[in-house]
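Coordinate analysis (summary)
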Amino acid sequence: MIQRHKNVNNDINAKYIKEEEKRKELRETKGIMIVGFVMALACMVMSLVNFYKQSNMLFSTLLGMISFLFAGLYTWRTGRKNLSIVVMGLAVSIIFSWYAIVGGNEGFAILWILLVPSVSMLAFGFQEGFILSLYFACFLFALFYTPLKQYTLYDYGSVFMMRFPLLYCVDFIGAWAGFRLVRKFQLENQQYKLKLLSYNDELKKEVKKQTVKVENFSKQLIEALAKTIDAKDKYTNGHSVRVAKYAKMIADKMGKDEEEQKTIFDIGMLHDIGKIGVQGEIINKTSKLTDAEYDIIKTHPIIGADILNTISEMPEIAIGARWHHERYDGKGYPDKLKGDNIPEIARIIAVADAYDAMASNRSYRRALPQEVVREEIEKGKGTQFDPQIADFMLELIDEDKDYQMREH
């Protein structure tokens, strides 16, 4: 059990990590594309300014514009970022190196290099940004601390040349440390989310497990009640199940979804529950009922509705019990409802109930022939039955070539 739990958690973690990596890849790709287009626009503006001023930095800004525009377009068209990162990294290396050598903007252009560590790690990723930042650290030390400084075209002054590489290194180390700290927080956050996902998945499984238990218990309880009803009437054994089954089949014909069909089936199972409150001598009487006895039988819909009305979580379950003996012409009982005033579920069960009464054995007769049953359903359209629902029942009868829909 423990091993299975671990395997489930590992599957959840692997799935989450894979999805998170995809989302991260997508974010980074979009970021590279945006950086490419924004930097290309900036370089274009700077190129116009440099052209106007006849600046020796025009070459670098034109190169940057072309490189960044290519990177943005390439990423946009292909959805890939690796080549774009290489192109932009090379462009930044060439442009900012040129800035440092020529001392552009009276030496101030070199200060852009201080942005390289933090911006490159953020835009390109830690590994790529680290490599680019390391290149500039080596470049500045070589340019200011070695004989190569004679090739600079601008006099930065000895103090600046001594301190700037050190300032860049401090900036580089700070960016590296900051990135590592952010990455640590990201990993901790990812681990926390993985734990939450694991707990959430276990909770969902437990809820599903308990839901299945409740549904099974409800189903078994309804079946037990239905058997209790049928056991009281020895001549209608299995009647509740058959009525529920036929009602569900009618609902399917009517285009009801699975949930609605299940509800109608459950209601059909308990439509005769009120017979529990009627004396067994009357229910099982083989001779003709007296008027007084018939009046007692007619109370079972009200008794059934009173019993089922106590189930607050499923208020519609009492519909079938109370109104399955109503007639479409208003001559039924107990409330003499008429037409569409009778709830649709009750109208469905009324047809299914009448059909099973004719297609089942009774103490005084055997099940009626299928053609007789069909004739009675046809005859009851618009009087006893909802004509549309009766038509659906007639379709089921016509499809039942071997007369399987009856008590066996």
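Thresholds, definitions, all that
Per chain, the residues get numbers from 1 upward, laid out in the order the sequence is written. Where local features are concerned, this predicted model is filtered to residues with pLDDT of at least 70; where side-chain atom pairs are given and counted, the filter is 80 or more; whole-chain, interface and lining totals use all residues. With hydrogens and water excluded, all non-hydrogen atoms of the structure serve as input to the side-chain values. Runs of E in the DSSP output that reach at least two residues are strands. Runs of H or I that reach at least four are helices, and both are numbered from the N terminus. In this scheme, a residue with accessible area under 20% of its type's maximum is buried, one over 50% is exposed, and one in between is partly exposed, where area comes from a 1.4 Å probe on protein chains only. Of the grid points, spaced at 1 Å and generated over the protein atoms alone, those admitting a 1.4 Å probe that cannot get out make up cavities, while open sets with protein on both sides within 12 Å along at least five of seven lines make up pockets; any residue with an atom within 4 Å of a point is treated as lining. Grid points are joined across faces, edges and corners, and a volume is the space filled by probe spheres set on the points. Under the scheme applied, nonpolar residues are Ala, Val, Leu, Ile, Met, Phe, Trp, Tyr, Cys and Pro; charged residues are Asp, Glu, Lys and Arg; polar residues are all the others, including Gly. By the convention used here, residues are in contact when the closest approach between their heavy atoms is within 4.5 Å. Any residue with relative accessible area above 30% and no salt bridge may belong to a patch, with like charges joined within 9 Å and the nonpolar Val, Leu, Ile, Met, Phe, Trp and Tyr side chains within 5 Å. Note on areas: these come from Shrake-Rupley sampling with a 1.4 Å probe, and a residue is covered only by the protein chains present in the view. Salt bridges are identified by distance alone: a Lys or Arg side-chain nitrogen within 4 Å of an Asp or Glu carboxyl oxygen. Charged-residue counts in this description rest on Lys and Arg as positive and Asp and Glu as negative, His and the chain ends being excluded. Note on charges: their place is set at NZ of Lys, CZ of Arg, CG of Asp or CD of Glu. The arc in question is traced by the directions running from the helix axis to the C-beta atoms. Count a disulfide wherever a pair of cysteine sulfur atoms falls within 2.5 Å.

1. Quick look at unusual backbone geometry
Residue Tyr333 is joined to Pro334 through a cis peptide bond whose omega torsion reads 10°. As for its placement among the helices and strands, Pro334 is situated in the loop between helix H12 (317-323) and helix H13 (344-358). Of note in the backbone geometry, Lys336 takes a positive phi value of approximately 55° without being a glycine. Position of Lys336 among the secondary structure elements: in the loop between H12 and H13. You will see that Tyr403, though not glycine, has its phi angle at about 55°, which is positive. Overall, Tyr403 belongs to the buried group, its relative accessible area being 12%.

2. Regarding the layout of surface pockets
Taken as a whole, the second largest pocket encloses approximately 830 Å³ of empty space. Contributing to the lining of the second largest pocket are 30 residues, with Lys24, Glu28, Phe179, Arg183 and Gln186 lying nearest its centre. For the lining of the second largest pocket, the secondary structure elements donating two or more residues are helix H1 (2-53), helix H4 (116-124), helix H5 (126-145) and helix H6 (158-232). Here the lining of the second largest pocket gets 11 residues from one element, more than from any other, and that element is H6. Its residues placed into classes, the lining of the second largest pocket shows 12 nonpolar, 8 polar and 10 charged.

3. Considerations on the environment of Ile101
Looking at the element boundaries, Ile101 is found in helix H3 (residues 82-102). When the C-alpha positions of Ile101 and Tyr151 are compared, they lie 7.3 Å apart, and in sequence the two are 50 residues distant. Beyond its immediate chain neighbours, meaning those up to four positions away, Ile101 contacts Phe139, Tyr151, Thr152, Leu153 and Tyr154.

4. Comments concerning a negative patch on the surface
A cluster of acidic side chains, namely Glu215, Asp252, Asp257, Glu258, Glu259 and Glu260, defines a negative patch on the protein surface. With 3 residues, the top contributor of residues to the negative patch is helix H8 (residues 258-269). Looking at where Glu260 falls in the secondary structure, it is placed in helix H8. Overall, the relative accessible area of 36% leaves Glu260 in the partly exposed class.

5. A look at helix H11 (residues 300-308)
Along H11, the residues classified as buried are His300, Pro301, Gly304, Ala305 and Leu308. The buried residues of H11 occupy an angular sector of 135° when projected down its axis, which confines them to one face. In the core, the buried residues of H11 are packed alongside helix H10 (291-297) and H12.

6. Brief notes about the state of the cysteines
Each disulfide is one covalent bond, formed between the sulfur atoms of two cysteines. On inspection of all chains with the given rule, the structure shows 0 disulfides. Left unpaired, Cys138 is separated from the closest cysteine sulfur, that of Cys169, by 8.8 Å. By relative accessible area, which is 48% here, Cys138 ends up partly exposed.

7. Digging into a positive patch on the surface
On the surface, Lys24, Arg27, Arg180, Arg183 and Lys193 cluster together into a positively charged patch. Per element, the largest residue contribution to the positive patch is 3 residues, and it comes from H6.

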